Amino acid sequence: MLNDPFGRRIEYLRLSVTDRCDFRCFYCLPRSHRDFEMPDDWLTTDEIERLVAQFAALGVKHVRLTGGEPLVRKGVDEIARRIAKLPGIEELSLSTNASRLSQFAEQLSRAGVSRLNISLDSLNDEKFHDITGSRLQPVLAGIARAQASGMSPIKINMVVMRGINDDEVESMIEYCLEHHLTLRFIETMPVGQGGQAASEHYMPLAEIEERLKKRYRLGVAAMRGSGPARYFRVDDSNLVIGFITPQSQHFCDTCNRVRVSVSGDLHLCLGQEEKLELRPLLRSGATDETIQQAIRGAIARKPQRHNFHEAPTAIIRPMSALGG
Ligand code: SAM
Ligand code: SF4
């Protein structure tokens with residue numbers, strides 16, 4: 001078991017399979033960003049499989065593939081297939097912008113990916129383009145294809161930003177109601193230059209909750225694997241909406257996760273710099289036991305919480321480096 005010094009059990013690994021992306025969401029990956037990892041440093045599929053097996057041996061049960069945009073990594077379906085087969089891995093999920101999901105949904109579903117989180121910040125093509133630098137239509141098509149291929153649950157993640165898309169919260173609810181999707185609202189985090197620039201649009205989600213309560217009946221809902229979100233059922237319908245409030249009400253006390261970058265850095269907290277480079281171990285013939293010991297040692301240094309309030313400009317790596 002992986003227990004940290006604050007009594008938290010680490011059972012969830014977010015694995016970034018690339019730090020590249022076909023989008024440029026302004027709050028995540030600024031257009032000026034050039035500091036991408038070099039291909040020689042990317043963990044290979046074999047290295048990923050071996051590393052995840054070590055985490056699984058230590059009690060990690062859930063792996064999420066993320067990025068950058070995971071679907072731009074060549075062979076992502078093979079990576080998924082191998083992880084899904086590892087003893088101890090009970091759940092394999094994916095975070096995606098869905099731009100390439102039409103192409104990949106079936107093979108990912110066959111590979112063992114079931115749960116999907118999809119970023120969708122606007123249903124207006126022009127605004128979507130302003131936020132992401134890309135087009136909305138392939139994303140909507142990707143969502144439809146994922147549903148057709150039986151992936152479930154599919155959660156839509158909307159980063160709510162004042163003056164940008166806060167006027168679209170209700171239309172996003174209607175869209176998710178119509179398409180039987182779960183919807184989660186997220187507060188901006190000051191991670192990297194993009195996240196710090198987006199801080200001027202930061203909106204505490206309590207404001208959205210209050211606004212929605214005037215229009216809808218929101219009954220507290222329980223969701224499996226709810227993680228950091230607080231969920232509500234809308235008007236006794238099938239629609240469940242969640243609020244993820246890393247800034248206004250942090251949920252670090254229940255943190256059960258760590259992250260691995262495409263180049264094999266084990267990051268202990270999204271909002272801190274503590275990390276351990278695992279690639280040198282993987283490439284120097286270290287035994288499984290040595291790798292597991294190194295992981296245990298790192299978990300013993302997991303920070304108690306993020307410092308977004310105290311040090312809002314401390315994290316310079318973009319969110320795309322660790323996948324949220
Ligand atoms: N490309 C995939 C996607 O967009 O879902 C996976 C990686 S993306 C970094 C994961 C999540 O992080 C997305 O839901 C995205 O909206 C969120 N995110 C990125 N930058 C953020 C920021 N500064 N504050 C809050 N959420 C952010
Ligand atoms: Fe790419 Fe996801 Fe970041 Fe948008 S949020 S730039 S889709 S990694």
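Structure: above.
What you see is a predicted model; the values in this text were computed from it and never measured.

1. Description of the site of ligand 1
Around ligand 1, 18 residues are found, and the nearest of them are Y27, G68, E69, S119 and M189. Separating a nitrogen atom of ligand 1 from a backbone N or O atom of G68 is a distance of 3.0 Å. In isolation ligand 1 has 550 Å² of accessible area, and contact with the protein removes 94% of it. When contributions to the shell around ligand 1 are tallied by element, the ones reaching two or more residues are β3 (91–96) and β5 (154–159).

2. A short note on the sheet that holds strand β2 (residues 62–66)
The mixed open sheet is built from twelve strands, whose spatial order is β7-β8-β9-β6-β5-β4-β3-β2-β1-β10-β11-β12. Every other strand in the sheet has two partners, leaving β7 (218–221) and β12 (275–277) as the edge strands with one partner each. Put simply, the sheet's adjacent strands are angled 25° from each other on average, direction ignored. Where strand β1 (residues 12–16) and strand β10 (residues 257–260) come together, four bridges link them in parallel fashion. Among the inter-strand pairings, Y12 is bridged to a residue of β10, identified as R257. The sheet strands contacting helix α2 (residues 76–84) are β1, β2 and β3, and the helix crosses β2 at an angle near 175°. Helix-sheet contacts for helix α10 (residues 288–299) involve β10, β11 (265–267) and β12, and the interaxial angle to β12 is about 165°.

3. Section: the environment of F243
Relative to the helices and strands, F243 is located in strand β9 (residues 240–244). A relative accessible area of 1% places F243 in the buried class. Taking the C-alpha atoms as reference points, F243 and N3, separated by 240 residues in sequence, lie 27 Å from one another. Beyond its immediate sequence surroundings of up to four residues, F243 is in contact with F185, L205, I208, E209, L212, P228, A229, R230 and F232.

4. Here's the deal with the nonpolar core
F55, F185 and I241 are the most contacted members of the largest nonpolar core, which has 101 residues in total. With sequence-adjacent residues up to four places away left out, F55 is seen in contact with L2, L13, V60, V258, V260, L266, L278 and I295.

5. A look at the pairing of β2
Where burial is concerned, most of β2 is hidden: five out of the five residues are buried. Neither face of β2 is open: one carries H62, R64 and T66, the other V63 and L65, and all of them are buried. Note: β1 against β2, five bridges, orientation parallel. From the neighbouring strand, Y12 faces β2, where its bridge partner is H62. A crossover links β1 with its parallel partner β2, the connecting element being helix α1 (residues 45–57), and its sense is right-handed. Summarising the sheet, β2 and β3 pair through four bridges and their orientation is parallel. Residue R64 lies in a different strand from β3, and its bridge partner there is S93.

6. Looking at the packing of α1 against α10
Put simply, α1 and α10 touch, their axes get as near as 10 Å, and they point 65° apart. The two elements α1 and α10 cross, and the hand of that crossing is right-handed. Counted together, R50, L51, Q54, F55 and A57 of α1 and D288, I291, Q292 and I295 of α10 form the full contact between these two elements.

7. Some details on the packing of α1 against α2
When two helices pack together, you describe them by how their axes are tilted relative to each other and by the distance separating the axes. The geometry of α1 relative to α2 is characterised by a closest axis approach of 10 Å and an angle of 25° between their N-to-C directions. The angle between the axes of α1 and α2 places the two elements in the roughly parallel class. Classified by chirality, the crossing of α2 by α1 is right-handed. Contact with α1, carried on its side by T45, D46, I48, E49 and V52, involves E78, I79, R82 and I83 of α2 and no other residues of that element. Split by residue class, the contact of α1 with α2 holds four nonpolar, one polar and four charged.

Conventions we followed
- Residues numbered from 1 in each chain as written.
- Chains lettered and ligands numbered in written order.
- Predicted model: local features only at pLDDT ≥ 70, side-chain atom pairs only at ≥ 80, totals over all residues.
- Heavy atoms only, no water.
- Near = heavy atom within 4 Å.
- Polar contact = N/O pair within 3.5 Å; in protein donor to acceptor, adjacent residues only side chain to side chain.
- Areas by Shrake-Rupley, 256 points an atom, 1.4 Å probe, with all protein chains shown as cover.
- Helix = DSSP H or I, 4+ residues; strand = E, 2+ residues; numbered from the N terminus.
- Pairing = 2+ DSSP bridges.
- Axes fitted to C-alpha atoms, helices over the stretch in contact; angles between N-to-C directions.
- Contact = heavy atoms within 4.5 Å.
- Buried < 20%, exposed > 50% of the residue type's maximum accessible area, 1.4 Å probe, protein only.
- Core = buried A, V, L, I, M, F, W, Y, C linked by side-chain atoms within 4.5 Å.
- Right-handed = clockwise from strand over helix to strand, strands pointing away.
- Left-handed = near helix turned anticlockwise from the far one by under 90°.
- Parallel < 35°, antiparallel > 145°, perpendicular 65-115°, else oblique.
- Nonpolar A, V, L, I, M, F, W, Y, C, P; charged D, E, K, R; others polar.

Worth remembering: the numbers are spatial, not functional.
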